Amino acid sequence: MIRQRYTFIAVWLIAGLLLTACATPAAPAAENAGETAAGAAPAAAESDTAAAPAEGGVLNFAYAQKPRNLNPLDSVQGVQSQLFRMIYNRLLQYDIGFFGSPPQPSLAESYEVSEDGLTFTFHLRQDVVWHDGEPFTAEDVAFTYTAAVHPDNPTFWGPSLSTLKGLTAFQDGSADSIEGLNVVDEYTIQITLEAPSMSFLDTLAFVGILPKHILGDVPAAELKENEFFSKSPIGTGPFKVVEVAEDQFIRLERNDAYFLGTPKLAGINFIFPDSTTVAAGFETGEIDLSSSLPTEDIERFLNNPDYNVVFQPSSVFCNVTANVERIPKNVRHAIQFAIDRQTITDELFLNSQLSKPFLHHLGQEFLQPNPYEKEITYDPEQARALVQQSIDAGEWDADHVLDYIFSGEEPSEEILFIQQFLADIGLNSELRGVGDRAAFNQAYLEEHDFDIVSGCNAYGPEPDSANIYYKCGYGAAEGGYNASLFCNERADELLEAGRAETNLEKRIPIYQELQGILDDEAAIIPIRLGVTSWVMTSRLKNATPQYYGHLTNYDAIETWYLEE
């Protein structure tokens, strides 16, 4: 019996930075090895994908962002998280409409939580096999969580599993294994924590399980670069990877042995065109589903019976991040007041249909009203005064030109708006495109080589997600996203207290105080909350909208189909 109710969702699709248009991918070879049109979906191989049932079809899913890899322990940037849900399963999962409910069993058939909230016993399904036919067991679960926290393999999810009992001894080398991961038998695993963690069960609903029989002998330091994650991933999910053409497409076909039943779709082609070509792809029938259309193209599909368009508040807020070691606090405060958020969302995002002004990182409804929140408005006069205060104090050079970086080669209209707002208060900047995502991540996350940067971060119902952006010293090497170099001792104390506290009423003042600190420090300055716009062919069935930016809960993707 589940004795403890967990209510809030942990880290949610974070870590996506400002997306830039990608080059149109070259199409894979057709059956006669001839060339096909650039950006076209891959040709179906001679397999189950070629012969779909009436309620089936091959879904062409266009995404302008290209996945870095197919490693479920890595960052859950948008396209990665969607692929992960199709290839891998988690120990737990959320039902559609999950908010306010604890995660439900998935690879686990059932679980119990001890009275003290420290020990979790999971009983695993015995009818699950990997895509290569090998049985799934408790050893795979223990291997995955060990890999996620191994000191030689920093991962996105490692900090969310940091309360495992015995983890410190394992990471400092004084123990060969993690005491808190106990494989009881082939289909039972017991997990023990050092201290209660509000987000622990939620984390298990997001971490995809990996096959020990394939990766178990790979040294931890070599896992991240293993070809398994770029060319030949094996999961237990409803679809299996059959072909990967880097930066062009990933072809999936249905897993006939899927434990929840054979998927209705025969396959899914993920293609990665330039966002400016997506609308044409819909009109030629080469694309069935996408959330990557530019704002100006979305209107073409409204009120058209051949398409469904869904606007949905997302989990992502876009912001200006300041390097706190270069930009003094008064100047960061000036940036808070300098930007007219309403004008940006009205002018650039369909009169705010596709984005809403956003002011506070921890904007969760259960924290409102928050007496610690700073009142932030568009006030250029106050912003100019704050800049002058910083100049008068000798901490800012009036002639300094901000190094303003962004991903890609050309700045977006939003960045140009922000640059002008800053110039209006006396903060001149030079825009610097740092190239592709790898170069951007190096400059932004690893080298911190910027004054300010435009990007987007995750915002979800669980405020514990703020750890990855604000925890002291939690940079790229540690698997985190503290690009601003923010470090505040009291904030760290509150982050740890909020994670450990399981009583909702006691959590509220913890995170309210934290929000006050984040507003005052202004390391990450929220600008707007994204609204995801999904365009899909009206032939796609059962792909219903879902909470916080997901098109649907991908745990139910086996029910999707294309109507003939």
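Now for a look at the structure at hand. These figures come from a predicted structure and were not determined experimentally.

1. Observations concerning the overall build of the chain
The number of helices and strands found in the chain is 16 helices and 20 strands. Here the chain holds 564 residues, and the buried ones make up 59% of them. Considering only contacts within the chain whose residues lie at least 6 apart along the sequence, 71% involve residues at least 24 apart.

2. Remarks on the sheet that holds strand β1 (residues 55-56)
Read from one edge of the open sheet, three strands run β1-β20-β19, paired in antiparallel fashion. With partners counted over all chains shown, the strands left at the sheet margins are β1 and β19 (540-541), one partner each. Here β19 pairs with strand β20 (residues 561-563) via two bridges, running antiparallel. Bridge pairing in β20 places Lys541 opposite Tyr561.

3. A closer look at the pairing of strand β13 (residues 307-322)
The side chains of a regular strand alternate, first on one face of the sheet and then on the other. Relative to strand β18 (residues 524-537), β13 runs antiparallel, the two being bridged by twelve bridges. In the strand pairing of β18, Val309 is matched with Val535. For β13 and strand β17 (residues 452-458), the ladder comprises seven bridges, and the chain directions are antiparallel. The residue of β17 that forms the bridge with Phe317 is Asn457.

4. Topic: the packing of helix α15 (residues 489-500) against helix α16 (residues 504-521)
In the contact formed by α15 and α16, the axes pass within 9 Å of each other and the chain directions differ by 155 degrees. Here α15 lies roughly antiparallel to α16, going by the angle between them. As for the relative orientation of α15 and α16, their crossing is left-handed in sense. Between α15, through Arg490, Ala491, Leu494, Leu495, Ala497, Gly498 and Arg499, and α16, the contact on the second element is made entirely by Arg507, Ile510, Tyr511, Glu513, Leu514 and Ile517. The class makeup of the residues in the contact of α15 with α16 is eight nonpolar, one polar and four charged.

5. Considering the environment of Asn323
Among the secondary structure elements, Asn323 is positioned in the loop between β13 and α9 (329-338). On the basis of relative accessibility, which here comes to 2%, the residue Asn323 falls in the buried class. It is 10.0 Å that separates the C-alpha atoms of Asn323 and Asn482, two residues lying 159 residues apart in sequence. For Asn323, the residues in contact, after removing those within four places along its chain, are His448, Phe450, Asp451, Ser484 and Leu485. A distance of 3.2 Å separates a polar side-chain atom of Asn323 from the backbone oxygen of Phe450.

6. Things to note about the side chain of Asp340
By secondary structure assignment, the location of Asp340 is in the loop between α9 and α10 (341-348). No salt bridge is formed by the buried Asp340; its nearest oppositely charged neighbour, Arg341, is found at 7.6 Å. Looking at Asp340, its side chain comes within polar contact range of the side chain of Thr343, at 2.6 Å. Apart from the residues within four sequence positions on either side, Asp340 is in contact with Tyr378 and Phe421.

7. Description of the pattern of salt bridges
For the structure on display, the rule yields 20 salt bridges. When the shortest N-O distance is used, the salt bridge between Glu283 and Arg300 registers 2.7 Å. Of this pair, Glu283 sits in helix α7 (residues 278-283) while Arg300 sits in the loop between α8 (295-298) and β13, and the two are 17 residues apart along the sequence. Classification of Arg300 as partly exposed rests on a relative accessible area of 41%. A salt bridge links Arg326 to Asp449, with the shortest nitrogen-to-oxygen separation between them at 3.3 Å. Residue Arg326 is located in the loop between β13 and α9, and its partner Asp449 is located in the loop between α13 (437-446) and β17; the two are separated by 123 residues in the primary sequence. Overall, Arg326 belongs to the partly exposed group, its relative accessible area being 36%.

8. Remarks on the state of the cysteines
Disulfide: a covalent bond formed between the sulfur atoms of two cysteine residues. Counted according to the given criterion, the structure contains two disulfides. The partner cysteine of Cys318 in its disulfide is Cys456, sulfur to sulfur 2.0 Å. Judged by the sign of its S-S torsion, about 90 degrees, the bond between Cys318 and Cys456 is right-handed. With Cys318 in strand β13 and Cys456 in strand β17, this residue pair connects regions lying 138 residues apart in the sequence. Accessibility assignment for this pair places Cys318 and Cys456 in one class, buried. Disulfide pairing is shown between Cys472 and Cys487; the S-S distance is 2.0 Å. Note on the Cys472 and Cys487 pair: the S-S dihedral is about 100 degrees, so by sign convention the disulfide is right-handed. One end of the pair, Cys472, is in the loop between α14 (467-470) and α15; the other, Cys487, is in the loop between α14 and α15, with 15 residues separating them in the sequence. Take Cys487: its relative accessible area is 53%, and that puts it in the exposed class. Counting only the cysteines that form disulfides, in the order they appear in the chain, gives the pairing 1-2, 3-4.

9. What about the sheet that holds strand β8 (residues 188-192)?
Pairing within the open sheet is antiparallel, and its four strands lie in the order β5-β6-β8-β7. A single partner strand is all that each edge strand has here, and the edge strands are β5 (108-113) and β7 (181-185). Strand-to-strand, the axes of this sheet are offset by a mean angle of 20 degrees, without reference to chain direction. For β5 and strand β6 (residues 119-124), the ladder comprises five bridges, and the chain directions are antiparallel. Its bridge partner being in β6, Val113 is matched across the sheet by Phe120. With respect to the sheet, helix α2 (residues 138-149) is in contact with β6, β7 and β8, its orientation differing from that of β7 by roughly 175 degrees.

10. Some words on the side chain of Asn488
Relative to the assigned elements, Asn488 resides in the loop between α14 and α15. Among the polar contacts made by the side chain of Asn488, one reaches the main-chain amide nitrogen of Ala491 at a distance of 2.8 Å. Excluding anything up to four places from it in sequence, Asn488 contacts Cys472, Ile517 and Glu521.

11. Here's the deal with the nonpolar core
Of all hydrophobic cores here, the largest spans 112 residues; its most connected members are Leu91, Phe122, Tyr145, Leu164, Leu252, Ile268 and Phe270. In terms of residues, this core owes the most to one element, α2, which gives eight residues. Among all residues touching Phe122, those that are not within four sequence positions of it are Leu91, Leu92, Ala108, Ser110, Tyr111, Tyr187, Thr188, Ile189, Ile191, Leu201 and Leu204. Core analysis: the second largest hydrophobic core is formed by 44 residues, Ile287, Ile298, Ala322 and Phe406 among them.

Thresholds, definitions, all that
Residues numbered from 1 in each chain as written. Predicted model: local features only at pLDDT ≥ 70, side-chain atom pairs only at ≥ 80, totals over all residues. Heavy atoms only, no water. Helix = DSSP H or I, 4+ residues; strand = E, 2+ residues; numbered from the N terminus. Buried < 20%, exposed > 50% of the residue type's maximum accessible area, 1.4 Å probe, protein only. Contact = heavy atoms within 4.5 Å. Pairing = 2+ DSSP bridges. Axes fitted to C-alpha atoms, helices over the stretch in contact; angles between N-to-C directions. Parallel < 35°, antiparallel > 145°, perpendicular 65-115°, else oblique. Left-handed = near helix turned anticlockwise from the far one by under 90°. Nonpolar A, V, L, I, M, F, W, Y, C, P; charged D, E, K, R; others polar. Polar contact = N/O pair within 3.5 Å; in protein donor to acceptor, adjacent residues only side chain to side chain. Lys, Arg positive; Asp, Glu negative; His and termini not counted. Salt bridge = Lys/Arg side-chain N within 4 Å of Asp/Glu carboxyl O. Disulfide = S-S within 2.5 Å. Core = buried A, V, L, I, M, F, W, Y, C linked by side-chain atoms within 4.5 Å.

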